[in-house]
Each structure stands twice: as structure tokens, then as C-alpha cells.
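Chain and residue survey
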Amino acid sequence: MELAELTQEGRGIFIVLFFILGAVTGSFCNVCVARWPHGQSVIKPRSRCPKCLKPIAWYDNIPLISWFVLRARCRHCGQPISFVYPLVELITALLFVAVFLRFGLVPATPVYLLFCAAMVVVTFQDLADWTIPDEITLPGIPIGLLVALLGTFLGAESGFRVTSVLDALGGVLLGGGIILAMDRITVWVLRKPGMGFGDVKLLAMVGAFLGWLGAFATLMLASIFGSVFGLLLIMLMRRKQDTTPAQEASAGRQTSESSKTQKEKTDRKSLESGEEEEEITIEGHYLPFGPWLALGALVYMFFGPELIAWYIHRGAVLQGTTVYLP
Ligand SMILES: [Zn+2]
């Protein structure tokens, strides 16, 4: 009770503190995304410029601020620094503030913060490298089970949503199981490249933290987000194909002039090359599923009870109407 009063009175200060903690954590997420795909340590060496390899001084390494102060360029070699770095820091900072506003300062708060940071790393590593870090998903499964054990002892009033180890274990088996089954069906029956074991381990870990219902809802949400985005992308590309070559050439020139990243350019190039290849690239390569799973998991983490209540109410309303049908 006293803690709740304290956080209520010092609400503004806590929001600032959570924002700063989130920005600093986001900075560490950037290190993970940059180094894990190459099997490098995230602790040493100190942060270096990826181009000139000069160490970055502490005053050039302040989350969010330094990128603007340096005007997105390395102090030593002047090479541009990607906007993704401050973006990751900002997203993590906002997620941390959202955790405070949603859950307050309860024993479960650190768990929610860590889960947010984990989803940020998963999202940006999958987007940049098309891999999902085992460094997060593999230890995440037993940690999620331990958190559920803690939840059984501390109870729901301490902010834990999963208060049964069986629920968490069900989440691991259901989450991992569904994606594994989908992957095997895609490979064996449809003879297409599957979803990959990164996604299997990811949803198993999400299930450990959010329970079996959470794993199921995360997959549903991820599928909805992914399909809506995929459809929009296909519509966008169809429209681009209809444009005349002259327009396309000018569009291409504009792209190279603007500060688009190299990856976006290569994506564009491969998307523009040939219609047959297009379908494969859309499904197989250019839309990783990890970010959608991470987004679905976060939506469920923040709004799970409301989503379930809405869904049950909707079902009850539908059932109610069937009563009146002949
Ligand atoms: Zn440099």
C-alpha cells in the first residue's frame, strides 16, 4: 500500500526514471543485436565504431542524446550512424514507461521489463539478420518457468499473471508445438521452406512467460498482424509494377538520393526483379515472423485480460443471438 502511494505521488519522477532505464537498456539491446549474430561477447570489448573501430567515448554513447548531438555521424571517421540505434533506445524507453503505467511498481515489474527488452532484441535481430537469438529464447524457457514458480508463491496480487507452473509448461509445449507442426507441414506437405526453429523456440519461450493461452493468443495476433502487413505490401508492390518505366527510374533516383539504408535498397531491388520470384521472397525471406510474434506477445502482455474479456463477451453475444434464431 505504501509503495502504491509513493508511486502515485511521485508518478512523474517514476515515469522519467523508467524512461531513462529503458533508454539505457535499449542501448544494451543495440549491442546484443549487433554482436550476437557474429558470436561476439556483449560485455567486451567496449563499444566501437563499426567502421573505423575507434572506441566510443562515454559522452558519445549516451542513449538517444548522442545520436542527435553527433548528427548521426561518427566523431572520428564521419561515417553515418544508423537511425535504428536511437529508434531501439526510444522504443525500449517507451515500453518501460508503459510497463510502469500498466503494472506499477510490483514484484513482477522487473520481469515485464526484461520481457520487453527481450522482445525488442528479437524483433531487431530478426529484421537485421533473419535470426532469432538463442541467447534469449533458450535461457528464456527455464527462466519463464521459474517466474511462474515465483508467481505461485507470491500470487496474483504481486502482479504475476501466470501463477501456475503447469500453465507455463503448457505454454512452452503448445507454443513450441504449434509452430513446429506448422513448420513440418510446410516442409513435408507443401514442400516450401519452413518457418524455422528460431520461431519454435521463441513461441515456446513466450509461452513460458505468458502461459498456454498467452502462447495461443500471441500466435493469433502475430498471424493477423503479419497477414495485414503482407497484404498491404503486396498491394503496394502491385501498384509499383503498374507504374511506367520512366516513373520507376525517377523513383529509383529519389531513393538513392535520400538517406535510405543499403538493406532497403537491396530489398527493393530483389522485390522488383521478376514476378515468379516475388511470391517466394515475400513468404520465405522478406517478412520474418519473429517481429510479429514479439509484437503479439507484447500486446498480450499489456492487454491480455482485456483481450480475453472482449473475446468471451463477443462469444457470449454471438451465442445470445443464436438463441433467438429458429
Ligand atoms: Zn568511426
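A short tour of the structure in this document, coming up. (Residues numbered from 1 in each chain as written. Predicted model: local features only at pLDDT ≥ 70, side-chain atom pairs only at ≥ 80, totals over all residues. Heavy atoms only, no water.)

**Focus on the overall build of the protein chain**
Filter applied, for reference: Each helix is a run of H or I in the DSSP string that is no shorter than four residues. Each strand is a run of E no shorter than two, and both are numbered from the N terminus. For every residue, the accessible area obtained with a 1.4 Å probe (protein chains only) is divided by the maximum for its type, and the residue is called buried under 20%, exposed over 50%, and partly exposed between those limits. When checking whether two residues touch, look at their non-hydrogen atoms; a contact exists if any pair is within 4.5 Å. All accessibility values rest on the Shrake-Rupley procedure with a 1.4 Å probe; residue burial counts only the protein chains present in the view.
What the protein chain contains, in helices and strands, is 12 helices and 0 strands. Helices (α) and strands (β) of the protein chain occur, in sequence order from the N terminus, as α-α-α-α-α-α-α-α-α-α-α-α. Split into buried and exposed, the 326 residues of the protein chain put 37% on the buried side. Taking the intrachain contacts of the protein chain between residues at least 6 apart in sequence as the baseline, contacts between residues at least 24 apart amount to 68%. Approximately 19200 Å² of the protein chain is accessible, and the part contributed by carbon and sulfur atoms is 69%.

**Considering the packing of aromatic side chains**
Just so we agree on the cut-off: For Phe, Tyr and Trp, where Trp contributes only its six-membered ring, two rings pair if their centres lie within 6.5 Å, and the inter-plane angle classes them as stacked under 30 degrees, edge-to-face over 60, or tilted in between. Look at NZ for Lys and CZ for Arg. If either is within 6 Å of the ring centre and within 35 degrees of the ring normal, a charge sits over the ring.
Scanning the model with the defined rule gives 10 aromatic pairs in all. Arranged with centres 5.3 Å apart and planes meeting at 45°, the rings of Phe115 and Phe209 form a pair that is tilted. A residue pair is termed long-range when its members are at least 10 positions apart, and Phe115 in helix α5 (residues 109-129) and Phe209 in helix α8 (residues 197-242) qualify at 94 residues. Each member of the pair, Phe115 as well as Phe209, is classed as buried. When the ring of Trp310 is compared with that of Tyr311, the centres are 6.4 Å apart and the planes differ by 55°; the resulting orientation is tilted. Here the aromatic cluster, defined as three or more aromatic residues joined through ring pairs, consists of Phe103, Tyr112, Phe302 and Phe303. Lying across the ring of Phe103, Arg102 places its NZ or CZ 5.9 Å from the centre. When the ring centre of Trp188 is taken as origin, the NZ or CZ atom of Arg184, which lies over that ring, is 5.2 Å away.

**Focus on the environment of Ala222**
In this fold, Ala222 is placed in helix α8. A relative accessible area of 0% places Ala222 in the buried class. C-alpha separation for the pair Ala222 and Leu293, spaced 71 residues apart in sequence, amounts to 4.9 Å. Filtering out sequence-adjacent residues up to four positions away, Ala222 remains in contact with Phe289, Trp292 and Leu293.

**Some thoughts on the side chain of Asp183**
Position of Asp183 among the secondary structure elements: in helix α7 (residues 165-188). Accessibility expressed as a relative area gives 3% for Asp183, which makes it buried. The residues touching Asp183, leaving out its near neighbours within four places in the chain, are Gly194, Met195, Gly196 and Phe197.

**Comments concerning the state of the cysteines**
The bond known as a disulfide is covalent and runs between the sulfur atoms of two cysteines. Note the threshold: The disulfide criterion is simple: two cysteine sulfur atoms within 2.5 Å.
All chains considered together, the criterion is met by 0 disulfides. Unpaired in terms of disulfides, Cys29 finds its nearest cysteine sulfur in Cys32, a separation of 6.1 Å. Cys29 gets classed as buried once you look at its relative accessible area, which sits at 3%. Of the cysteine sulfurs around Cys116, a residue in no disulfide, the closest is that of Cys29, at 9.9 Å.

That's the geometry; what it means functionally is another story.
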